[in-house]
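# Chains, contacts and geometry: an overview
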Amino acid sequence: MQVLVIGAGIGGLVTALALHAAGIRVEVYEAAPEVRPLGVGINLQPHAVRELMELGLGEALARTGVATQEFRYANRFGQTIWSEPRGLAAGYRWPQYSIHRGRLQMLLWEAALARLGPGGLHCGRRLAGFSQDAEGVTARFEDGGTARGDALIGADGIHSAVRAQLVPGEGAPRWNGAILWRAVSPARPYLTGATMVQAGHRDTKFVCYPIGDAPGGRMLVNWIAEQRFPADTPWAREDWNRPARLEDFLPIFADWRFAWLDVPGLIRAAETVYEFPMVDRDPLPRWRRGRVTLLGDAAHPMYPIGSNGASQAVLDARFLVLQLAKHGRVEDGLEAYEAVRRPATAAVVEANRGDGPDRVLDLVHARAPGGYERLEDVISRAELEATINGYKRIAGFDPETLNARESWSVTPEPRPAV
């Protein structure tokens with residue numbers, strides 16, 4: 001079997017590594033002339049880390065990212081609404097990592113280069129279209145070249161050329177009115193030194209977590225400042241590289257100084273800030289057409305709520321390859337993949353539109369906008385647990401279920417001890 005993967009982002013590269021591990025021939029075609037470490041920080045939840053570790057990337061992840069120890073929700077005054085351990089400290093068999101998106105992509109690229117060889121990775125090859133027949137699928141590129149395989153996987157992001165051919169006339173991604181300002185700043189460690197924080201509420205929110213070390217005993221802290229605007233506000237196309245201006249958003253967070261975190265100070269310490277609208281697309285009724293299917297943001301772009309976008313792409317890749325290896329016909333493997341992953345990711349897209357686990361911030365803000373003296377007078381522990389743990393089940397990283405699930409490796413990997 002020969003598989004063509006369109007896109008060398010996180011989902012595409014994990015797909016290529018998983019195919020190689022399963023003994024399936026693969027070639028990756030990337031539109032950009034070179035792969036560069038773009039973006040800022042992301043989180044890899046334990047269910048995604050499990051899949052990457054089973055691909056032999058555990059040591060590289062540990063060197064490159066920060067193992068998240070704690071997750072904390074707070075209101076805009078810094079009052080704690082919820083805190084819990086994460087990763088190994090929460091009883092998972094696998095850690096959770098906060099990591100620079102570009103460093104993760106380069107880690108995956110270097111692993112793919114070493115395992116597939118330079119002949120398996122092609123840059124500067126923008127897809128123009130594809131066609132299929134009973135024997136296989138042919139990809140056509142804008143440079144006039146073609147490639148032939150038994151299956152084609154569209155892992156080419158939210159503006160997927162593969163999806164555009166499968167779903168013509170779909171239009172632009174759907175914007176929910178929120179703008180994200182994202183950056184990385186050097187800062188002194190706060191709380192545990194490996195804590196992910198979400199503070200505020202649906203309309204005005206600040207997220208931060210460390211993703212690496214910095215000189216002088218400091219850490220590199222990834223942060224996201226979010227503000228919601230009226231839905232008819234003009235916005236620019238998503239672009240990881242569009243610089244932002246501090247004066248557009250710093251005044252919103254000027255007095256967010258907590259005993260344990262100086263939000264405006266963290267914002268001012270950034271060298272460059274990027275602006276990005278929060279967008280997604282409606283779930284599709286089908287991903288597959290014949291020998292072609294979608295994966296990751298090409299299949300199910302979602303709001304970055306619950307830290308699940310990259311993790312869901314990793315899960316797609318591993319489950320897809322397992323099904324291709326298990327089924328004799330390409331079409332049967334792709335259909336088995338879609339039967340599980342399409343409804344699973346559609347549920348996450350819908351949950352994120354409802355603010356996912358971050359809904360606890362909205363509930364507390366609505367009931368106590370000026371802060372509170374006793375949290376239990378505002379929201380019960382049972383309501384907090386139902387909202388937060390319910391999202392873990394939807395997204396597939398409930399610890400008990402994940403720890404017990406069988407391996408998605410073609411040759412199953414043993415589960416580490418808790």
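Because the structure is a prediction, the values reported are computed rather than measured.

Moving on, we get to the overall build of the chain. Scanning the chain from terminus to terminus reveals eleven helices and 18 strands. For 418 residues, the compact-globule estimate of 2.2 N^0.38 gives 22 Å, and the C-alpha radius of gyration of the chain, at 21 Å, lies within 12% of that figure. Here the C-alpha coordinates of the chain stretch approximately 70 × 50 × 45 Å along the principal axes. Restricting to contacts in the chain with at least 6 residues of sequence separation, those with at least 24 account for 74%. Charge centroids of the chain, computed over 47 positive and 49 negative side chains, lie 1 Å from each other.

What follows concerns the nonpolar core. Grouped together as the largest cluster of nonpolar side chains are 79 residues, with contacts concentrated most on Leu44, Leu61, Leu108, Leu152 and Val162. If you tally residues by element for this core, the top one is helix α7 (residues 309-326), at nine residues. With residues up to four places along the chain from it excluded, the contact list for leucine 61 reads Leu44, Val49, Leu52, Tyr97, Ile99, Leu104 and Leu107. In terms of nonpolar packing, the next biggest core, distinct from the first, is built from 58 residues, Phe71, Ile211, Ala214 and Tyr303 among them.

Next up on the list: the sheet that holds strand β11 (residues 146-149). Strand order in this open sheet of three strands is β9-β10-β11, and the pairing throughout is antiparallel. Here the strands that pair on one side only, and so sit at the sheet edges, are β9 (127-132) and β11. Strand after strand, the sheet turns through a mean of 20° between neighbouring axes, direction not considered. With four bridges joining them, strand β10 (residues 137-141) and β11 adopt antiparallel strand pairing. Within the sheet, the bridge partner assigned to valine 137 lies in β11 and is glycine 149.

Under the criterion given, the structure shown has twelve aromatic pairs. Arranged with centres 6.4 Å apart and planes meeting at 75°, the rings of tryptophan 181 and phenylalanine 229 form a pair that is edge-to-face. Of this pair, tryptophan 181 sits in strand β13 (residues 174-187) while phenylalanine 229 sits in the loop between β16 (218-228) and α6 (263-268), and the two are 48 residues apart along the sequence. Since its relative accessible area comes to 2%, tryptophan 181 is described here as buried. Put simply, the rings of Trp181, Phe206, Trp223, Phe229, Phe249, Phe253, Trp256, Phe258 and Trp260 touch in pairs and so form one group of aromatic residues. Sitting over the ring of tryptophan 260, arginine 72 keeps its end group 5.9 Å from the ring centre. Here arginine 125 stacks its cationic end above the ring of phenylalanine 141, 4.5 Å away from the centre of that ring.

Here the idea is simple: oppositely charged side chains can pair when their charged atoms come close. Inspection of every chain in the model, using the stated rule, returns 35 salt bridges. Where arginine 228 meets glutamate 226, a salt bridge forms, and the shortest distance between an N and an O atom there is 3.9 Å. A salt bridge links arginine 257 to aspartate 262; the shortest N-O distance between them is 3.6 Å. Where salt bridges share partners, they join Arg50, Glu51, Glu54, Arg318 and Arg405 into one cluster.

Our next topic: the environment of proline 230. Locating proline 230 in the fold gives a position in the loop between β16 and α6. Placed 115 residues apart in sequence, proline 230 and threonine 345 show a C-alpha to C-alpha distance of 27 Å.

The element β16 is extensively covered by neighbouring structure, given that ten of its eleven residues are classed as buried. Summarising the sheet, β13 and β16 pair through ten bridges and their orientation is antiparallel. Across the sheet, the residue bridging to valine 184 is asparagine 222, located in β16. The pairing of strand β15 (residues 204-214) with β16 spans ten bridges and is antiparallel. Bridge pairing in β16 places alanine 214 opposite arginine 218. Counted between consecutive antiparallel strands, the loop separating β15 from β16 contains three residues, among which glycine 216 sits at a positive phi close to 75°.

Here the focus is the environment of glycine 78. Take glycine 78: it is sitting in the loop between β5 (70-74) and β6 (80-85). Separated by 183 residues in the primary sequence, glycine 78 and leucine 261 place their C-alpha atoms 8.2 Å from one another. Once residues within four sequence positions are removed from consideration, glycine 78 is found in contact with Phe258 and Trp260.

How each quantity is defined
Residues numbered from 1 in each chain as written. Predicted model: local features only at pLDDT ≥ 70, side-chain atom pairs only at ≥ 80, totals over all residues. Heavy atoms only, no water. Helix = DSSP H or I, 4+ residues; strand = E, 2+ residues; numbered from the N terminus. Rg over C-alpha atoms; globule rule 2.2 N^0.38 Å. Contact = heavy atoms within 4.5 Å. Lys, Arg positive; Asp, Glu negative; His and termini not counted. Charge placed at Lys NZ, Arg CZ, Asp CG, Glu CD. Core = buried A, V, L, I, M, F, W, Y, C linked by side-chain atoms within 4.5 Å. Buried < 20%, exposed > 50% of the residue type's maximum accessible area, 1.4 Å probe, protein only. Pairing = 2+ DSSP bridges. Axes fitted to C-alpha atoms, helices over the stretch in contact; angles between N-to-C directions. Phe/Tyr/Trp six-rings, centres within 6.5 Å; stacked < 30°, edge-to-face > 60°. Lys NZ or Arg CZ within 6 Å of the ring centre and 35° of its normal. Salt bridge = Lys/Arg side-chain N within 4 Å of Asp/Glu carboxyl O.

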